[in-house]
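Analysis of the macromolecular model
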Amino acid sequence: MSGTINVRPFGTTAAGVAVEEYILTNANGVEVRIITYGGTLTSVRVPDREGQFANIALGFANVADYETRSPYFGCITGRYANRLAQARFTLDGQVYQLAVNDGVNALHGGVKGFDNQVWQAETRQGDGEVGLALRYVSPDGDEGYPGTLDTTVVYTLTDGNDLRMEYSATTDAPTVVNLTNHAYFNLCGEGTRDIYEHSLWLNADRYTPVDATLIPTGELAPVAGTPFDFRLPKPIAPGQRSGHEQIVAGHGYDHNWVLNRADLTDTTMMIAARISDPASGRVLEVWTTEPGIQFYAGNFLDGTLVGSGGRLYRQSDAFALETQHFPDSPNQPHFPSTVLRPGEQYHTTTIYRFTVA
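Source: prediction; values computed, not measured. (Residues numbered from 1 in each chain as written. Predicted model: local features only at pLDDT ≥ 70, side-chain atom pairs only at ≥ 80, totals over all residues. Heavy atoms only, no water.)

1. What about the nonpolar core?
- Counting 59 residues, the largest nonpolar core has Phe185, Trp257 and Leu321 as the members making the most contacts within it.
- The contacts of phenylalanine 185, once residues within four sequence positions are left out, are Val44, Ile56, Ala57, Leu58, Ile195, Leu284, Ala318, Phe319, Tyr352 and Phe354.
- Counting 16 residues, the second-largest nonpolar core is a separate cluster that includes Phe10, Phe73, Tyr296 and Ala318. (Core = buried A, V, L, I, M, F, W, Y, C linked by side-chain atoms within 4.5 Å. Buried < 20%, exposed > 50% of the residue type's maximum accessible area, 1.4 Å probe, protein only. Contact = heavy atoms within 4.5 Å.)

2. Let's talk about the packing of aromatic side chains
- For the structure on display, the rule yields 26 aromatic pairs.
- Ring centres of phenylalanine 228 and tryptophan 257 lie 5.5 Å apart, and the angle between their planes is 45 degrees; on these two criteria the pair is classed as tilted. Here phenylalanine 228 is found in the loop between β19 (221-222) and β20 (234-235), whereas its partner tryptophan 257 is found in strand β21 (residues 254-258), with 29 residues between them in sequence. When sorted by exposure, phenylalanine 228 lands in the same class as tryptophan 257, which is buried.
- Chaining the aromatic ring pairs together yields one cluster made of Phe10, Phe60, Tyr66, Phe73, Tyr184, Tyr296, Phe300 and Tyr313. (Phe/Tyr/Trp six-rings, centres within 6.5 Å; stacked < 30°, edge-to-face > 60°. Helix = DSSP H or I, 4+ residues; strand = E, 2+ residues; numbered from the N terminus.)

3. So, empty space enclosed by the protein
- According to the stated counting rule, one finds 1 cavity of 30 Å³ or more in the structure shown.
- Asn82, Arg83, Thr208, Val210, Leu214, Pro216, Asp254, His255, Asn256, Gln294 and Pro327 are the residues that line the largest cavity.
- Examining the composition of the lining of the largest cavity, we find that 3 residues originate from one element, β21, more than from any other.
- In the lining of the largest cavity, the residues fall into 4 nonpolar, 5 polar and 2 charged. (1 Å grid on protein atoms, 1.4 Å probe; cavity = no way out; pocket = protein on both sides within 12 Å on 5 of 7 lines; lining within 4 Å. Points joined across faces, edges and corners; volume = space filled by probe spheres on them. Nonpolar A, V, L, I, M, F, W, Y, C, P; charged D, E, K, R; others polar.)

4. What about the pattern of salt bridges?
- According to the stated counting rule, one finds 16 salt bridges in the structure shown.
- Residue aspartate 102 is joined to arginine 83 by a salt bridge in which the shortest nitrogen-to-oxygen separation is 2.9 Å. Of the two residues, aspartate 102 sits in the loop between β9 (94-97) and β10 (106-107) while arginine 83 sits in strand β7 (residues 83-84), which places them 19 residues apart along the sequence.
- Residue classification places aspartate 102 among the partly exposed residues on the basis of a relative accessible area of 22%.
- The residue aspartate 254 makes a salt bridge to arginine 83 at a minimum N-O spacing of 3.9 Å. (Salt bridge = Lys/Arg side-chain N within 4 Å of Asp/Glu carboxyl O.)

5. Description of the layout of surface pockets
- The volume enclosed by the largest pocket comes to roughly 540 Å³.
- What lines the largest pocket is a set of 34 residues, among which Pro71, Tyr72, Arg83, Leu107 and His108 lie closest to the centre.
- Class assignment of the residues belonging to the lining of the largest pocket gives a composition of 14 nonpolar, 13 polar and 7 charged.
- Its boundaries defined by the atoms lining it, the second largest pocket holds a volume of some 290 Å³.
- Around the second largest pocket sit 19 residues that line it, and Thr267, His325, Ser337, Tyr346 and His347 are the ones nearest its centre.

6. Some details on the pairing of strand β13 (residues 149-158)
- Counting buried residues along β13, 8 of its 10 residues qualify, which places the element largely inside the surrounding structure.
- Both strand β12 (residues 129-138) and β13 contribute to a ladder of 10 bridges, which runs antiparallel. Looking at β13, one finds that leucine 132 is bridged to tyrosine 155.
- Looking at chain direction, β13 and strand β14 (residues 162-171) are connected through 9 bridges and run antiparallel. Paired with leucine 149 across the strands is threonine 171, a residue of β14.
- Here β13 folds back onto β14, and the loop between the two strands holds 3 residues, one of which, asparagine 161, carries a positive phi near 65 degrees. (Pairing = 2+ DSSP bridges.)

Geometry only, nothing functional implied.
Below, the structure written as structure tokens:
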């Protein structure tokens, strides 16, 4: 058996734009579903150690919920993933005021970011892999960001059970860009239980502490002696429930870790994280060319959302591991740069690798 690609209607937006769902299946039966609204992963079906398949990605069953209720389930976030302080930045001496959508800050691209756009889709098929290329052209001034940004994200599912995500973009004026995917996972299966017993390893000796509005203070702080030390695998629960001041600030884990690279400008592919569920045996490895990774433990899931499986999502019913440049980088000169200029190409790659133990 070789991989297959199927497509079906997924509904229409409130503005009447048709949304399609693409179903990628590899030779092993692993299945990834992606809708053109937000380039969103709606479902990721992988086997446990007994060979039983389950969807491990949180999501909704209809477009309306993605438009009006989604806490960024599975979507492409941009132009700038994560937070920018005071919803502004200065580039080449000019101040750019952005849309404010997270207290006083800008979050994940603004009020109508990349997660709220319908992307153009084109299927791709290769030796031992199937894929979907998604394109969106963000106009100059979109949510306050300068320059026309031509963005392509390619999802590729391989017969090795890798889901590869390649992000690329060009601009016609100096701008900033930081793209990621905001998939929420539960390796037990979406909507089944909390993730407290999941065991996490992060390839990071440092993290970026935040202030009360979740903006990095600028410090690259050692994880040693804190709940942020995942240099050896350990369950999520103890740290998530601790009274550490940074855990209190984020209502749990919602922080960026500084990956262990030779220097912050290194872009070689490296393993960033490994998380496993002892009950099912499912394992997710995250590989990336990015300098940072945000670990979010589903702190703001509050039991008001009904997922695609018909079950409520409650606090810590999922985790996100978002590869990225650091939050607020345009306002923190010693952080790796997120500036993109005409004639340059933004390009990053992240791989979700699914295995069992």
